[in-house]
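Chain by chain, the residues:
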Amino acid sequence: MFPERVARTTLPKARGGDSKGLPRRKKSSRLDAYLNRNNSKATAEILSTHTAALFKAAVQRAAELLRAGELVALPTETVYGLAANALDARAVAKIFSAKGRPAHNPIIVHVAGLDMARRCVADWPATAEQLAQAFWPGPLTMVLPRSPEVPDIVTAGGPTVGVRWPSHPFIQAVIRECGFPLAAPSANPANRVSPTNAGHVRQGLGDKVRLIIDGGQSQVGIESTVLDLTVTPPRVLRPGMIHAESLAAAIPEFGVRVLPDGSPGECGVKEKEEGVLRSPGRLPRHYSPKGKLKVLSWRDEAELRAQVSSFKFQTGQAHIIAHTVIPAGLDWKRVSVIPHDAEAFARAIYAELHQGDEVGAELILVEALPDTSEWQAIADRLKRAAA
Ligand code: TXA
Ligand code: MG
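Residues numbered from 1 in each chain as written. Chains lettered and ligands numbered in written order. Predicted model: local features only at pLDDT ≥ 70, side-chain atom pairs only at ≥ 80, totals over all residues.

## Side note on the overall build of the protein
Piece 1. Scanning the protein from N- to C-terminus turns up twelve helices and 17 strands.
Piece 2. Looking at the protein as a whole, 47% of its 387 residues qualify as buried. (Helix = DSSP H or I, 4+ residues; strand = E, 2+ residues; numbered from the N terminus. Buried ≥ 20, exposed ≤ 12 C-beta atoms within 10 Å, placed from the backbone.)

Dropping the structure here:
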C-alpha cells in the first residue's frame, strides 16, 4: 500500500557503503565519525535548515537515515519529534528504548497528505474528513481504527492509531521524500518536558540519536490536541491549542466531549481498555521539569516572597515565570516574563521550563493563568508538570 518505499525491517545491503549499511558519502562527516566511534556518549550531529541548500541537504540526510531504519529528531510546529519509519517495527522499537518510553504508550503517526492518512487507518469517517479540512496540516491528532499495515508496536497493541499531518515544512518534506509515514513522539526522555528547539533535544537525547535537525523554535510550543474519533461524540484525550470549541464548530452535528481534568478513568473512561492506556498524556504526572513546579497568583512581590518562604525555599532557589505581576528583585534565581497571550505563552513556556532545569532552579513558580478556553491546554500541561 506504500509502494514507492517498502517498509524496511533490515538495513540495506552495503553497496560500497560503510559497515552499517549506510550508502557511501563523498566526504567523511561528523556522522561517520560518530558511527565509527560507536560511542554511546557521542553527541548527535545537528543540521541547520535556514537556507534552501541546507534545508535540501538536511532532508536528504534525514531520509537516508530513516530509510535505513534509524531515528532522526526533527522539528514539528508543536514540539520536536523523535521520528522513525512508522511501518518498520524494528525502527519504532528504537524510539521506545531511546526515550525510555513504556511499551503501553502508543505513538502518533505523522503523514504528509490525506491519502497517506487514509492508508494508515481502517476507517475514515466523514468527521475525520471535516476535521482534516478544517485543521490539517496542523496541531491535531485524530485517533481512528488502525490499518493492519501499522505495526503493533506503534499502537501499543491497541485497535486504534493516532494520525497527524503536521504543518512544519521540514517534516512534510522528509515524509514526502521517504514515501512512508513517520512515527514520532516528542523528542524528550519519557516524562520530561517536550523540546521546542534543537538544543533541548540535544540536552535530553544527544547521546541517543545520531541526527537532530534544527528547524528553529516550534511555533505552537505545546503538543497537539489528541481527539478520539472512535467514540460518539468524539472525545478530547489531550487538550491542545486547537480547543474543544473549535473542534465542535467544525463538526456541529456531533459536538466534542472533553475529558474532565484529573486522573484518566474519569468520565466513564476506563484507564485501560484492552491493556492500552487510553492516552498516557492524561496521566496526572507528566511533562515534568526537575524542580518543584507550582502555579499560583500573587498581588505583589512581597506576597510572592512570603509564598516562597512558606514552601521552605529561598528566593535564590526560585525561578519565577510571570505574565502580569513581575517581580523586580535581583535575588531570584531567574525571572522570566512571557506575554499575557495564550499563543505566545504556549510558544515560550517549555523553553522556560528547560531554562529552569538548566540553571538548577529548585522551585518554579508560574503565575496563575486566565480560566478561559484558549489557556486550557497550557493549564493542563502545567498541572501535570506540578503533580
Ligand atoms: O504534537 C505532538 O503531538 C507531538 C509531535 C511530535 O507531533 N507528539 C507527541 O507525541 O506529543 P507523544 O508520544 O509525546 O504524545 C502522544 C500522546 C500520548 O499521550 C499518547 O498516549 C497519545 O498521544 N496517543 C497516541 N496514539 C494514541 C492512540 N492510538 N490512542 C490514544 N492515545 C494515543
Ligand atoms: Mg511526549
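## Quick look at the packing of helix 2 (residues 52-67) against helix 7 (residues 169-178)
Piece 1. Across the interface, helix 2 lies against helix 7 with an axial gap of 9 Å and an inter-helix angle of 50 degrees. Relative to helix 7, the element helix 2 lies oblique. Crossing handedness for the pair helix 2 and helix 7: right-handed. Two secondary-structure elements touch here, helix 2 through Val59, Ala62, Ala63, Leu66 and Arg67 and helix 7 through Ala173, Val174, Glu177 and Cys178.
Piece 2. A breakdown of the residues in the contact of helix 2 with helix 7 according to their chemical character gives seven nonpolar, no polar and two charged. (Axes fitted to C-alpha atoms, helices over the stretch in contact; angles between N-to-C directions. Parallel < 35°, antiparallel > 145°, perpendicular 65-115°, else oblique. Left-handed = near helix turned anticlockwise from the far one by under 90°. Contact = placed C-beta atoms within 7 Å. Nonpolar A, V, L, I, M, F, W, Y, C, P; charged D, E, K, R; others polar.)

## Focus on the nonpolar core
General note: in soluble globular proteins, nonpolar side chains tend to be found buried as a group.
Piece 1. One finds Ala62, Ala73, Val174 and Ala183 to be the most contacted residues of the largest nonpolar core, which totals 106 residues.
Piece 2. If one sorts the elements of this core by residue count, helix 11 (residues 342-359) sits on top with eight residues.
Piece 3. Alanine 73 has contacts with Tyr80, Leu82, Ala187, Val201, Leu205, Val209, Ile212 and Ile213, leaving out every residue within four places of it along the chain. (Core = buried A, V, L, I, M, F, W, Y, C linked by C-beta atoms within 7 Å.)

## Digging into the pairing of strand 8 (residues 211-214)
Piece 1. Residue alternation in strand 8 divides its side chains into two sets, Leu211 and Ile213 and Ile212 and Asp214, and both sets are buried.
Piece 2. Note that strand 1 (residues 45-48) and strand 8 share four bridges and pair parallel. The residue bridging leucine 47 from the neighbouring strand is isoleucine 213, located in strand 8.
Piece 3. Bridging between strand 2 (residues 72-74) and strand 8 involves two bridges; their strand directions are parallel. Note on strand 8: the bridge partner recorded for valine 72 is leucine 211. (Pairing = 2+ DSSP bridges.)

## Comments concerning helix 8 (residues 198-205)
Piece 1. Buried residues dominate helix 8, accounting for six of its eight residues.
Piece 2. Every buried residue belonging to helix 8 is among Ala198, His200, Val201, Arg202, Gly204 and Leu205, and all of these are buried.
Piece 3. For helix 8, the secondary structure elements touched by its buried residues are strand 1, strand 2, strand 3 (81-85), helix 3 (89-99), strand 8 and helix 11.

## Overview of the confidence of the model for the protein
Piece 1. Looking at the protein, the pLDDT average stands at 86 and 82% of residues meet or exceed 70.
Piece 2. The low-confidence segment residues 1-28, where pLDDT is below 50, has 45 contacts with residues more than four positions distant or belonging to other chains.
Piece 3. With pLDDT under 50 throughout, residues 31-40 is counted as low confidence; its partners more than four residues away or in other chains account for 13 contacts. (pLDDT = per-residue confidence, 0-100.)

## Considerations on the sheet that holds strand 16 (residues 334-337)
Piece 1. Read across the sheet, four strands follow the order 14-17-15-16 without closing on themselves; strand pairing throughout is parallel. Two strands in the sheet have a free side with no partner beyond their single neighbour: strand 14 (292-296) and strand 16. Looking at each pair of strands side by side, their axes are set apart by 15 degrees on average, direction ignored.
Piece 2. Note that strand 15 (residues 318-322) and strand 17 (residues 363-367) share four bridges and pair parallel. For histidine 319, the partnering residue across the bridge sits in strand 17 and is isoleucine 364.
Piece 3. Relative to the sheet, helix 12 (residues 376-386) contacts strand 14 and strand 17, its axis offset from that of strand 14 by approximately 135 degrees.

## Remarks on unusual backbone geometry
Piece 1. Following tryptophan 136, the chain continues to proline 137 via a peptide bond in cis, the omega torsion being -5 degrees.
Piece 2. Positionally, proline 137 belongs in the loop between helix 5 (126-135) and strand 5 (140-145).
Piece 3. For the bond from threonine 232 to proline 233, the omega torsion is -10 degrees, close enough to zero to count as cis.
Piece 4. For proline 233, the location among the structural elements is in the loop between strand 9 (225-228) and strand 10 (235-238).
Piece 5. Phi is positive for asparagine 191, close to 75 degrees, though the residue is something other than glycine.
Piece 6. Here asparagine 191 is to be found in the loop between strand 7 (182-183) and helix 8.
Piece 7. Positive phi outside glycine occurs at lysine 312, with the angle close to 65 degrees.
Piece 8. In this fold, lysine 312 is placed in the loop between helix 10 (301-310) and strand 15.

## As for the sheet that holds strand 8
Piece 1. Strand order in the open sheet made by the eleven strands is 1-8-2-3-7-4-6-5-9-10-11, with mixed pairing throughout. With one partner strand each, in any of the chains shown, strand 1 and strand 11 (257-258) form the two edges of the open sheet.
Piece 2. When strand 2 meets strand 3, the two strands line up antiparallel, connected through three bridges. When the sheet's bridge partners are listed, alanine 73 is paired in strand 3 with leucine 82.
Piece 3. Each of strand 3 and strand 7 is contacted by helix 3, which is oriented at about 155 degrees to strand 3, the strand it contacts most.

## Some points on helix 3
Piece 1. Three or more residues of helix 3 are buried, namely Ala91, Val92, Ile95, Ala98 and Lys99. Down the axis of helix 3, the sector holding all buried residues measures 115 degrees, keeping them to one side.
Piece 2. Buried residues along helix 3 sit against strand 3, helix 6 (152-155), strand 7 and helix 8.
Piece 3. Of the residues flanking the end of helix 3, it is glycine 100, one or two places downstream, whose phi is positive at about 70 degrees. (Arc of directions from axis to C-beta.)

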